[in-house]
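# Inside the fold
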Amino acid sequence: MALILGIESSCDETAAALVDSDGTVRAHKLARQEAAHRPYGGVVPEIAARAHVEMIGPLVEAALDEAGVTLDQVDAIAATAGPGLIGGVMVGLVTGKALALASGRPLIAINHLEGHGLSPRLAERDLEFPYLLLLVSGGHCQLLLVEGVGAYRRLATTIDDAAGEAFDKTAKLLGLGFPGGPAVEKAAEHGNPRAVPLPRPLVGSGEPHFSFAGLKSAVARAVGQHSAQDIAASFQQAVVDCLVDRTRIALAKVRPTALVVAGGVAANSAVRTALESLAAENDLRFVAPPLWLCTDNAAMIAWAGAERFAAGLTDPLDVPARPRWPLDPDAEKVRGAGVKA
Ligand code: KG4
Ligand code: ZN
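It should be emphasised that the depicted structure is a prediction, and the values quoted were computed from it without experimental measurement. (Residues numbered from 1 in each chain as written. Chains lettered and ligands numbered in written order. Predicted model: local features only at pLDDT ≥ 70, side-chain atom pairs only at ≥ 80, totals over all residues. Heavy atoms only, no water.)

## Overview of the coordination of the zinc ion (ligand 2)
- The coordination sphere of the zinc ion (ligand 2), as far as protein atoms go, consists of His112 (NE2), His116 (NE2) and Asp296 (OD), spread over 2.0 to 2.2 Å.
- When the donor residues of the zinc ion (ligand 2) are listed from N- to C-terminus, their spacing reads H-x3-H-x179-D. One end of the pair, His112, and the other, His116, are both in helix 4 (residues 112–123), 4 residues apart, so they sit about a helical turn from each other.
- Residue His116 is classed as buried on the basis of its relative accessible area, which comes to 0%. (Donors = N, O, S within 2.8 Å, 3.2 Å for Na, K, Ca; no water. Helix = DSSP H or I, 4+ residues; strand = E, 2+ residues; numbered from the N terminus. Buried < 20%, exposed > 50% of the residue type's maximum accessible area, 1.4 Å probe, protein only.)

Okay, structure coming up:
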């Protein structure tokens, strides 16, 4: 049994966690920066980096305390090394390097997307490769065939915005505040999903790529013409329709053991419910990690570290922080895409 310390700081959550190689989460600590960024309506990289510097040390200590262990009882240190806001990534990675150096334990550099991608195996320990992963977060919208630890085949990506980004921009247009996803979901509860005619970009096309920029523009045009609740509900329904249609196309191309959804947008219950039906339609197991494991956290980083450690994969202390870091380096470039890792 190995005990892994995980560190996450790639966006606006600072987090530290301790996870056993059998999947027991011994501790997970997290500090959100929402209040600091709210006045700006989005994450400000400089503010995020400073907040990570202040929070990371105390959070690591709190996680060790909660688990009742000291640093020398930890077998390896896993830290997010990208992709993300580079200032924040550097804070967490440098902290991981310092702790690895001080303790003499190996460092494991984790791709944040791999953290999301393997988190379903922490949630359900008997989930086997290969599974089809819909990774939907603030920065990413991808369909990946997860074939093993470190083996990810990208089937689709977004040619413009990520799904979470579309939620955040819609929230901003509707004056619902930040972060947008949960606010739009809440407003949608009281709205009519058929009230506002909105486009479903790329739906019906043969490759399972995504596009959300046109949807966002249509939302902007609807503001003032309909209630915020109706726009929120109609927008959410449009996103759900896009995600389901694109995932259905991908499912026709591969033979996975399960359909899995991860990333912050997987916290949305309309998204979860629709994908669950799609999985049932295809006689596939459906896995969605619990909400706290869907949004950014360090338990998923520690878990990805545990999977890598078990495979004998560790990294040198000079491993770089990377603002961009594609999970599948062989994936073909898609027109309009490539701006996001
Ligand atoms: O994975 P995550 O925590 O951070 C990134 O790596 O991006 O995802 C954050 C994204 C944000 O865009 C947020 O608005 C969205 O996930 N999100 C949601 C919900 N909760 C978070 N989107 C829709 N519905 C939600 N309930
Ligand atoms: Zn994330």
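## As for the pairing of strand 3 (residues 25–32)
- Note that strand 2 (residues 13–20) and strand 3 share 7 bridges and pair antiparallel. Paired with Val19 across the bridge in strand 3 is Val25.
- Connecting the antiparallel pair strand 2 and strand 3 is a turn made up of 4 residues, with Gly23 showing a positive phi of about 95°. (Pairing = 2+ DSSP bridges.)

## Considering the site of ligand 1
- Taken together, 19 residues surround ligand 1, and among them Gly138, Asp168, Gly181, Glu185 and Asp296 come closest.
- Gly138 places a polar main-chain atom, nitrogen or oxygen, 2.8 Å from an oxygen atom of ligand 1.
- Contact between ligand 1 and Asn268: a nitrogen atom at 3.1 Å from a side-chain N or O atom of the residue.
- Contact with the protein chains removes 89% of the 550 Å² of surface that ligand 1 exposes when unbound.
- Mapped by element, the contributors of at least two residues to the shell around ligand 1 are helix 4, helix 5 (163–173) and helix 6 (180–188).
- When grouped by side-chain class, the residues that make up the shell around ligand 1 number 5 nonpolar, 11 polar and 3 charged.
- Composition of the shell around ligand 1 by domain shows at least three residues from each of domain 1 (3–117 + 293–310) and domain 2 (129–289). (Near = heavy atom within 4 Å. Polar contact = N/O pair within 3.5 Å; in protein donor to acceptor, adjacent residues only side chain to side chain. Areas by Shrake-Rupley, 256 points an atom, 1.4 Å probe, with all protein chains shown as cover. Nonpolar A, V, L, I, M, F, W, Y, C, P; charged D, E, K, R; others polar. Domains from an automatic or database assignment.)

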